[in-house]
Protein chains: 2
Amino acid sequence: MAEKPSIPKGTRDFSPLEMSRRNFIFDQIKEVFRTCGYQAIETPAMENLSTLMGKYGEEGDKLLFKVLNSGDFKGKLSEEAWDLPPGKLAPLLSEKGLRYDLTVPFARYVVQHRNDISFPFKRYQIQPVWRADRPQRGRYREFYQCDADVVGSDSLLNEYELIQIIADVFRRLNLKTVVKLNNRKILAGIAETVGAGTQMTDITVAMDKLDKIGLDKVMEELEEKGLSAASREALKPVLEMQGGSEEKLAFLEAFLGSSPQGKLGLEEVRTVMELTGQDTPGCRLEFDLTLARGLNYYTGSIIEVKSAEVEIGSICGGGRYDNLTGIFGLEGVSGVGISFGADRIYDVLLQLDRFPDQELTGTRVLFANFGEKEVLGVLATAKQLREKGVAVEVYPDAAKIKKQLAYANARSIPYVVMAGAEELARGVYTLKDMAAGGQETLTPDAMLKFLCPVD
Amino acid sequence: MAEKPSIPKGTRDFSPLEMSRRNFIFDQIKEVFRTCGYQAIETPAMENLSTLMGKYGEEGDKLLFKVLNSGDFKGKLSEEAWDLPPGKLAPLLSEKGLRYDLTVPFARYVVQHRNDISFPFKRYQIQPVWRADRPQRGRYREFYQCDADVVGSDSLLNEYELIQIIADVFRRLNLKTVVKLNNRKILAGIAETVGAGTQMTDITVAMDKLDKIGLDKVMEELEEKGLSAASREALKPVLEMQGGSEEKLAFLEAFLGSSPQGKLGLEEVRTVMELTGQDTPGCRLEFDLTLARGLNYYTGSIIEVKSAEVEIGSICGGGRYDNLTGIFGLEGVSGVGISFGADRIYDVLLQLDRFPDQELTGTRVLFANFGEKEVLGVLATAKQLREKGVAVEVYPDAAKIKKQLAYANARSIPYVVMAGAEELARGVYTLKDMAAGGQETLTPDAMLKFLCPVD
């Protein structure tokens, strides 16, 4: 036999069970997006490299999957071409790349179709993305992103709505979460206040390690990064700040007294927290100053969601970016968005055993096949059940009944209908309950009633 | 401003309206697949080139999109490498390709996971595929395929079921169709009977042109292809055959008297037609000897579906292949499957104006925003409606009401709730009917009842 076929490393096949679980997650997310008026779009898997390059930093450019131009390279490229620097050689080999995320294609979409869009534009997009990352546990080269964004509105009602969406999705998924909120303007205000306005990122990155490495090590790191002794001393009270969200906000209110943008950031966080209120059961909202995701593009709110039950990275995150479409020449369109991490949510649900019973989506009844003639007697009933929405299979071959029952078991089909010559002669069906093991003889009508009771 | 961004030729963005229409099609197909016990799987967009190459003929190999290996080519490839023949050079540049169809990845999946699969395995798969075809009207480089296949069963009940699926899908889509049925064994039997057993394909291809170019030209073409005068003469009665499915089958019954495989093919067609019976309203089943799709891999039944209302190519097709997984070393697994052409179905529905009213899936109510304070008064009601499944938007900015109403119009939102200071003070809402133009003042309860009457 030939070598067993395989798939590229870092990619996955999804089996029927995995698909049904993943679709459960996607369906909850889609339904919440729908009720909040977000509209689905899709963009092509391939984008022009000019659209993608330079949008994800130098490292990101390297992680783009590039699609080879068609044709014969020997003919197209002179040998001298290979002496070109990689940046000049690459376009001769490839002009297209696979989507790296959903945000840049969305920005491209908004600019390209701006005349057909009614702003504020609330869109969602659930599609795979590809990254040539080194594959490792939980990190794949192809994975789905589920993004919702609003562009063309500055209002904090959008942040409120996105947090409602987060709360609603995780409530439907039966998962307890902590929603962490921060604001880039506060971080900038702190850097400004301690006299290190250009070192916001260094300060934030160091602050984020406070829990892990402690105050002294953070101070050392800040010194290494070149933060002056005065700035380090000024920053100390922030690092020593204690208490809940309310206490921290109050402390920063005083601390940021002379930084207008810091105050604005605080006000934004307060507004979002007040709008959200206590109205999000199962989902705790807290201010977290160390939250620093996407600092290179977020300009206002920063949002991150963690499981309150399982130790795992963030399962959803997002923020506000004031100039998303600027990279494609359309200035002044503010946006805010979130992205659900379907793979991590899948892992959390699996670990907590919270996926709903698969019986509900799989086949409910198998009609056993007792022979060419006998099986003809069940086709009309099978059809009736299907028309009522019941998932029904008719075993296609007149195999040994033992084999057919083994199939039903392997597929977790709860009921098997036995209709042999005797049943057909009497005009009845024998219904076998695969879990309980018992069986019952029923008229076709009684069986229909039993299998679709809502009817 | 920068140059307007664009997407690679032959690819498409899907707008919210297009998505909602496409999802309508996919949802009908999925629901029918589900009720018939077909299980969803997904395979990666990228497959190893060794999986894809040589499976689609020489032309197909050229149309594969290949993904560039990562890294620096200058370093990896010596200049001599470029003197290698294309077949030896290509692997140095690329080891992965984008999925060209869903059938080969499915065969690979079955072989790779055969120990986890309960046969007969009924799977469906709805995913995009990529082909480096020259883009033209109606032909894209990225398009979705919707495939259902059963592998591991020879029974013609599978053909029957797939035709039921076709009938059910198009009934749900409100489209009238003709389902054409043929069988490769009949075509082989005819070639055998006229003494030209090796020229089945030439005969079939010429027969297919009968309607267009007439008997004489077909005869000329067969002569050019080297069919002997005796064979051409023997074939003539088949080409002159008249009547409906029943007459044609009866004629061939006599004609193929001495060809066992020809008779077997006829028996298979008859069985499938008898099983299907008159039981498929809106979907006419007919025997069509000229049907020759997929001759290079189908070994039994051949199925093709045409619109009975619009002149367009086939909108669904399929057939039986006796050795799908043989290419990956697993012999003796027979399969039969169909594939719905979502793009063409979309075009037919659009042309006949049969898409359902979009109102049903879009936003139903927009709460206008009369100011920062006023809007707070509507958030709880908006949330209540969303919890009842109603799609609701709250306009995020306190823009001019004219602008907000224009947004509702552009988005085809049927109702706008006006809740200014006066309404808030009185504890009522003014509900504006955007189509009729009238408006009504309602208590919150009355409005909830009006907007979700099923509740």
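On a predicted model such as this, the values are computed, not experimentally measured, just so you know.

Engineer: Just checking my understanding: could you explain the interface of chain A and chain B for this structure?
Structural biologist: Many analyses report the size of an interface as the accessible area lost when the parts associate. With 93 residues of chain A at the contact, the number on the chain B side is 94 residues. Both faces considered, chain A and chain B share a buried interface measuring about 8500 Å² in area, 57% of it formed by carbon and sulfur atoms. Linking chain A with chain B are six salt bridges, by the criterion used here. Where chain A meets chain B, there are 34 residue pairs in polar contact (both at pLDDT 80 or more). Across the side of chain A that touches chain B, the residue classes break down as 43 nonpolar, 24 polar and 26 charged.

Engineer: What is the right way to read the packing of aromatic side chains from this model?
Structural biologist: For any two aromatic rings, the description comes down to two numbers: the centre-to-centre distance and the angle of the planes. Enumeration over the complete set of coordinates arrives at 30 aromatic pairs over all chains. Ring geometry for F33(B) against Y38(B): centres 6.2 Å apart, planes inclined by 40 degrees, an arrangement best described as tilted. Per residue, the accessibility class of F33(B) equals that of Y38(B), and both read buried. An aromatic cluster of at least three residues, connected via ring pairs, comprises F33(A), Y38(A), Y124(A), F170(A) and F340(A).

Engineer: Just checking my understanding: could you explain the pattern of salt bridges for this structure?
Structural biologist: Note on pairing: side chains with opposite charge can pair once their charged atoms come close. Enumeration according to the criterion identifies 48 salt bridges over all chains in this entry. Two residues, R22(A) and D343(A), come together in a salt bridge whose shortest N-O distance is 3.8 Å. Remark: D343(A) occurs in helix 14 (residues 342-351) and R22(A) occurs in helix 1 (residues 16-35); sequence separation between them is 321 residues. The pair formed by R22(A) and D343(A) is uniform in burial state, with each residue classed as buried. Here R386(B) ties to E161(A) by a salt bridge, and the two come within 2.7 Å at their closest N and O atoms. With R386(B) in helix 16 (residues 379-387) and E161(A) in helix 7 (residues 157-172), the pair connects residues from two separate chains. By the burial criterion, R386(B) is buried, and E161(A) matches it.

Engineer: How should I be thinking about the side chain of D343(B) in this particular structure?
Structural biologist: Among the residues examined, D343(B) registers a relative accessible area of 15% and is labelled buried. Filtering out sequence-adjacent residues up to four positions away, D343(B) remains in contact with R12(B), R22(B), Y140(B) and F143(B).

Engineer: Sorry, what's going on with the sheet that holds strand 12 (residues 365-367) of chain B here?
Structural biologist: For sheets, the rule is that strands pair by backbone hydrogen bonds, running either parallel or antiparallel. All names here are of chain B. Read from one edge of the open sheet, five strands run 13-12-14-15-16, paired in mixed fashion. On the outer flanks of this sheet lie strand 13 (392-394) and strand 16 (439-442), each paired with one strand and no other. Ignoring strand direction, the axes of neighbouring strands in this sheet form an average angle of 25 degrees.

Engineer: Would you mind showing me how to read the confidence of the model for chain A here?
Structural biologist: Predicted coordinates in areas of low pLDDT are best not read in detail. Residues of chain A with pLDDT of at least 70 account for 93%, and the chain-wide mean is 91. Taken over the whole predicted complex, pTM reads 0.93, whereas the ipTM for its chain interfaces reads 0.92.

Engineer: What's the story with the pairing of strand 7 (residues 177-183) of chain B in this structure? I'm lost.
Structural biologist: Residues in a regular strand project their side chains so that they alternate between the two faces of the sheet. All names here are of chain B. For strand 7, a buried count of seven out of seven residues is recorded, marking the element as mostly surrounded by other parts of the structure. On strand 7, burial covers both faces: T177, V179, L181 and N183 on one face and V178, K180 and N182 on the other are all buried. In terms of strand pairing, strand 7 meets strand 9 (residues 301-307) through seven bridges, oriented antiparallel. Paired with N183 across the bridge in strand 9 is S301.

Engineer: What is the right way to look at unusual backbone geometry in this model?
Structural biologist: Cis geometry marks the peptide bond from F119(A) to P120(A); its omega dihedral reads -5 degrees. Inspection of the secondary structure puts P120(A) in the loop between helix 6 (103-112) and strand 5 (121-130). You will see that N174(B), though not glycine, has its phi angle at about 60 degrees, which is positive. Overall, N174(B) belongs to the partly exposed group, its relative accessible area being 48%. A positive phi is found at S412(B), a non-glycine position, where the angle reads about 55 degrees.

Engineer: Would you mind going over the nonpolar core with me for this structure?
Structural biologist: Inside soluble globular proteins, nonpolar side chains tend to come together where they are buried. In terms of nonpolar packing, the biggest core is built from 100 residues, with I165(B), F170(B), L289(B) and F340(B) touching the most fellow members. Per element, the largest residue contribution to this core is seven residues, and it comes from helix 7 (residues 157-172) of chain B. With sequence-adjacent residues up to four places away left out, F340(B) is seen in contact with I29(B), F33(B), C146(B), I165(B), I166(B), V169(B), F170(B), I315(B), C316(B) and I345(B). Counting 99 residues, the second largest nonpolar core, distinct from the first, contains F33(A), V269(A), V348(A) and F355(A).

Engineer: Would you explain the relation of the copies chain A and chain B in this entry?
Structural biologist: Here the second copy of the chain follows from the first by a rotation about an axis and a shift along it. Note on the identical chains: chain A maps onto chain B by a rotation of 180 degrees and an axial translation of 0.0 Å, with an RMSD of 0.1 Å. In symmetry terms, the pair is related by a two-fold rotation axis. Ranked by how close their C-alpha atoms come to the rotation axis, the residues of chain A are headed by V67(A), at 2.2 Å. Looking at the interface residues of chain A, 99% of them are also at the interface in chain B, so both copies use one shared face.

Engineer: Honestly, the sheet that holds strand 13 (residues 392-394) of chain A in this entry has me stumped. Any pointers?
Structural biologist: Residue and element names in this part refer to chain A. Spatial strand order, 13-12-14-15-16: five strands in an open sheet with mixed pairing. Every interior strand has two partners, whereas the edge strands, strand 13 and strand 16 (439-442), have only one. Each strand axis lies, on average, 25 degrees off the axis of its neighbour in the sheet, ignoring direction. Where strand 12 (residues 365-367) lies against strand 13, three bridges are found, and the strand directions are parallel. Note that in strand 13 the partner of V365 across the bridge is V392. Across the sheet, helix 19 (residues 444-451) is in contact with strand 12, strand 14 (415-418), strand 15 (429-433) and strand 16; its angle to strand 15 comes to roughly 30 degrees.

Engineer: Any chance you could explain the state of the cysteines here in plain terms?
Structural biologist: Linking two cysteines covalently through their sulfur atoms gives a disulfide. All names here are of chain B. For the coordinates displayed, the defined rule picks out zero disulfides over all chains. For C36, which is in no disulfide, the shortest distance to another cysteine sulfur is to C316 and amounts to 13 Å. C36 sits in the buried class, given a relative accessible area of 4%. Of all cysteine sulfurs, the one in C146 lies closest to C316, which takes part in no disulfide; the gap is 9.2 Å.

Engineer: Just checking my understanding: could you explain the pairing of strand 5 of chain A for this structure?
Structural biologist: All names here are of chain A. Here strand 5 lies mainly inside the structure; ten of its ten residues are buried. Sheet topology note: the strand 1 (residues 39-40)/strand 5 ladder contains two bridges and is parallel. Each bridged residue has a counterpart across the sheet, and for A40 the counterpart in strand 5 is Y124. With ten bridges connecting them, strand 5 and strand 6 (residues 142-151) associate as antiparallel partners. By the bridge assignment for strand 6, Q127 is matched with Q145.

Reading guide: rules and limits
Residues numbered from 1 in each chain as written. Chains lettered and ligands numbered in written order. Predicted model: local features only at pLDDT ≥ 70, side-chain atom pairs only at ≥ 80, totals over all residues. Heavy atoms only, no water. Contact = heavy atoms within 4.5 Å. Buried area = accessible area lost by both parts, 1.4 Å probe. Salt bridge = Lys/Arg side-chain N within 4 Å of Asp/Glu carboxyl O. Polar contact = N/O pair within 3.5 Å; in protein donor to acceptor, adjacent residues only side chain to side chain. Nonpolar A, V, L, I, M, F, W, Y, C, P; charged D, E, K, R; others polar. Phe/Tyr/Trp six-rings, centres within 6.5 Å; stacked < 30°, edge-to-face > 60°. Buried < 20%, exposed > 50% of the residue type's maximum accessible area, 1.4 Å probe, protein only. Helix = DSSP H or I, 4+ residues; strand = E, 2+ residues; numbered from the N terminus. Pairing = 2+ DSSP bridges. Axes fitted to C-alpha atoms, helices over the stretch in contact; angles between N-to-C directions. pLDDT = per-residue confidence, 0-100. Core = buried A, V, L, I, M, F, W, Y, C linked by side-chain atoms within 4.5 Å. Least-squares fit on C-alpha atoms with pLDDT ≥ 70 in both. Disulfide = S-S within 2.5 Å.

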